[in-house]
Amino acid sequence: MPRRLPGLLLLLWPLLLPPPPAAPADPGPPARPGLRRLGTLGPRGSPGRHPAPHSGSSVPGGARGAGVCKSRPLDLVFIIDSSRSVRPLEFTKVKTFVSRIIDTLDIGEANTRVAVVNYASTVKIEFHLQAHSDKQSLKQAVGRIMPLSTGTMSGLAIQTAMEKAFTVEAGARGPSSNIPKVAIIVTDGRPQDQVNEVAARARASGIELYAVGVGRADMGSLKMIASEPLDEHVFYVETYGVIEKLSSRFQETFCAVDACMLGTHQCQHVCISDGEGKHHCECSQGYSLNTDKKTCSAIDKCALNTHGCEHICVNDRTGSYHCECYEGYTLNEDKKTCSAQDQCASGTHGCQHLCVSDRAGSYHCECYEGYALNEDKKTCSVRDKCALGSHGCQHICVSDGAASYHCDCYTGFTLNEDKKTCSAIEEARRLISTEDTCGCEATLAFQDKVRSYLQRLNTKIDDILAKLQANEYGQIHR
């Protein structure tokens, strides 16, 4: 918080007073006194720099008074956060901020070109650098931009701008034109993806990054995004209500006039403004300045991409280089190309059962039949006891899981009572048939015995009844 108040006063100072006698000092020492980066693009290098405007300095053609930038043209891409945290009225303020910066620029096909990248959880290029060559149509296109959704994928937005918006096909000027490539990212939140690496690649490609944070914006992320020096490339405002006032700060930045901005410096790579119309030349990383103080010679053959290393180029202290390979590869005899190692053959794989070599120079472990690969992707556990061959089934073993099984028989056989061995179904039927025959004979013999007994019993009953009748008859006739 101690750094934000002076920074905010600095941004609002030009609007609170008539032509200021002097610009207030930024909190903290600048990276180089009197310098502010903007940039003439050098091959594979960083952008050039121009000095901060001095009080009372005039801009040719009355640029400051007329509100029109007459300096060197730019390829300018706005990267605006339209996540749900940015309310509709606040998003309108952002679009007004963009439009006011456009008002300060000299827009045209041969002058400054503008593109807008809109982002939330997704990224959308609203229009490319080549889409609009006049302010009216450009500002109308800005006014039509609609917010996207939730999420704050700042890293993806910077990558999209670098790979798709700052391309010749999309309307950017090539390296030979010495047109600075500038991006202004506006956000009010913490990125939900990684920004450090992609921002570094964008800066290394020659894109000068300005980071504008609003409200809850994460200052650490803004500093990871922005170009050096940070006190000239990181801006913060408390609310969207005052963001529009930053347009005057960018007007001063983009309208500064010196040899670096005019393109008359003749530096092969990078032009550095020293103030008061003076400048000096520097070289991109991997190059050194020649005695003419303008041209550069390579000192880093790896940076030139002419080394011929298939995988990795490593600089040596002597100014030479050597090639190395990714893990799992070995350097061939030509000391340039790489071949995949067979770690299975070397015995360093650590697989408990089987090692299988992959085409990419890596490997993976597998297990014998009946085993399953554990979570460590190295060792194996029993999965199928049937596959181990210790089940004792005469015909078929059927696995019921990792620790159980049961036996089954081939077609035409049936499982015996021991649940292991099998007997032919025809033999079983024969045994059953014999048992049935014996059972039938015994039943018939029993039935005959019962029938004979009943017959004898009936005879006896008949005799008894006859005797009773005779006795009764005798008593009646006495």
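The numbers attached to residues start from 1 for each chain and follow its sequence in the written order. Where local features are concerned, this predicted model is filtered to residues with pLDDT of at least 70; where side-chain atom pairs are given and counted, the filter is 80 or more; whole-chain, interface and lining totals use all residues. Note: side-chain values were computed over all heavy atoms of the structure, leaving out hydrogens and water.

The next thing to look at is the confidence of the model for the protein chain. As a per-residue quantity, pLDDT reports the predictor's confidence and falls between 0 and 100. Looking at the protein chain, the pLDDT average stands at 79 and 78% of residues meet or exceed 70. In this model, residues 1-69 is a region of pLDDT below 50 whose contacts with residues beyond four sequence positions or in other chains number 162 contacts. Here, residues are in contact when the closest pair of their heavy atoms is within 4.5 Å.

So, about the packing of aromatic side chains. Two rings from Phe, Tyr or Trp (for Trp, the six-membered ring) form a pair when their centres sit within 6.5 Å of each other. Planes less than 30 degrees apart are called stacked, planes more than 60 degrees apart edge-to-face, and all others tilted. As enumerated under the stated definition, the model contains 6 aromatic pairs in all. Residues tyrosine 210 and phenylalanine 250 carry aromatic rings whose centres are separated by 5.4 Å and whose planes lie at 70° to one another, so their mutual orientation is edge-to-face. With a gap of 40 residues between them, tyrosine 210 in strand β7 (residues 207-214) and phenylalanine 250 in helix α8 (residues 246-255) connect regions that are remote in the sequence. Pair check on accessibility: tyrosine 210 and phenylalanine 250 agree, each one buried. Considering the side-chain rings of phenylalanine 250 and phenylalanine 254, the 5.8 Å spacing of their centres and the 40° angle between planes classify their relative orientation as tilted. Here phenylalanine 254 and phenylalanine 250 lie together in helix α8, a separation of 4 residues that amounts to about one turn. You can call phenylalanine 254 buried: its relative accessible area is 1%. Runs of E in the DSSP output that reach at least two residues are strands. Runs of H or I that reach at least four are helices, and both are numbered from the N terminus. Burial classes: relative accessible area under 20% of the type maximum marks a residue as buried, over 50% as exposed, and values in between as partly exposed (1.4 Å probe, protein chains only).

Topologically, aspartate 218 is positioned in the loop between β7 and α7 (219-225). With 31 residues separating them along the chain, aspartate 218 and threonine 187 place their C-alpha atoms 9.0 Å apart. Once residues within four sequence positions are removed from consideration, aspartate 218 is found in contact with Gly189 and Arg190.

With that settled, the discussion passes to the state of the cysteines. Disulfides are defined as pairs of cysteine sulfur atoms found within 2.5 Å of each other. Enumeration according to the criterion identifies 10 disulfides in this entry. Here cysteine 344 pairs with cysteine 355 through a disulfide, and the sulfurs are 1.8 Å apart. On the sign convention where negative is left-handed, the bridge of cysteine 344 and cysteine 355, at about -75° about the S-S bond, is left-handed. Residue cysteine 344 is located in helix α10 (residues 343-346), and its partner cysteine 355 is located in strand β17 (residues 354-357); the two are separated by 11 residues in the primary sequence. What makes cysteine 344 buried here is its relative accessible area of 16%. Covalently, cysteine 367 is tied to cysteine 380 through a disulfide, its sulfur atoms 1.9 Å apart. On the S-S bond that ties cysteine 367 to cysteine 380, the torsion sits near -90°, and the link is left-handed. Taken together, the residues span a long stretch of sequence, with cysteine 367 in the loop between β18 (363-366) and β19 (371-373) and cysteine 380 in strand β20 (residues 380-382) at a distance of 13 residues. For the pair formed by cysteine 367 and cysteine 380, the shared burial category is buried.

So, on to unusual backbone geometry. Cis geometry marks the peptide bond from glutamate 228 to proline 229, where omega comes out at -10°. Its place among the elements puts proline 229 in the loop between α7 and β8 (234-237). Although it is not a glycine, asparagine 178 sits at a positive phi angle of roughly 55°. Mapped onto the secondary structure, asparagine 178 falls in the loop between α5 (154-165) and β6 (181-187). Positive phi, normally seen in glycine, also occurs at lysine 377, with a value near 60°. Look at lysine 377 and you get exposed, because its relative accessible area is 55%.

Moving on, we come to the packing of helix α3 (residues 88-103) against helix α4 (residues 135-143). For every element, the axis is a line fit to its C-alpha atoms; helices are fit only across the contacting stretch, and the angle between N-to-C directions ranges from 0 to 180 degrees. Between α3 and α4, the shortest axis-to-axis distance is 9 Å and the interhelical angle comes to 170°. On the basis of the axis angle, α3 is roughly antiparallel to α4. In this structure, α3 uses Lys95, Val98, Ser99, Ile102 and Asp103 to contact α4, whose residues at the interface are Lys135, Leu138, Lys139, Val142 and Gly143. Classification used: nonpolar for Ala, Val, Leu, Ile, Met, Phe, Trp, Tyr, Cys and Pro, charged for Asp, Glu, Lys and Arg, polar for all others including Gly. Per-class residue counts for the contact of α3 with α4 are 4 nonpolar, 2 polar and 4 charged. Every angle not falling under 35 degrees, over 145, or within 65 to 115 is termed oblique; those three ranges are roughly parallel, roughly antiparallel and roughly perpendicular.

This brings us to α4. Where α4 is concerned, the buried positions are Ser137, Leu138, Ala141 and Val142. Across the axial projection of α4, the buried residues extend over an arc of 140°, all falling on one side. Looking at the buried side of α4, the elements it contacts are α3, β4 (113-119) and β5 (123-127). Contacts described as polar in this section are N or O atom pairs within 3.5 Å, which, within protein, must combine one atom able to donate a hydrogen with one able to accept it, while residues neighboring in sequence count only if both atoms come from side chains. N-cap assignment for α4: the residue whose side-chain oxygen lies 3.3 Å from the backbone N of glutamine 136 is aspartate 134. Working definition: the arc comes from the directions between the helix axis and the C-beta atoms, pointing outward to the latter.

Moving on: the pattern of salt bridges. Salt bridges are counted wherever a side-chain nitrogen of Lys or Arg sits within 4 Å of a carboxyl oxygen of Asp or Glu. In total, this model carries 7 salt bridges according to the counting rule given. Residue arginine 173 pairs with aspartate 75 through a salt bridge whose shortest N-O separation is 2.8 Å. Residue arginine 173 is located in the loop between α5 and β6, and its partner aspartate 75 is located in strand β3 (residues 75-81); the two are separated by 98 residues in the primary sequence. With relative accessibility at 11%, the residue arginine 173 sits in the buried group. Between glutamate 244 and arginine 100 there is a salt bridge, and its shortest N-O distance comes to 3.4 Å. Placement of glutamate 244 in the loop between β8 and α8 and of arginine 100 in helix α3 is noted, with a sequence separation of 144 residues between them. In this structure arginine 100 comes out as partly exposed when scored by relative accessible area, which is 40%.

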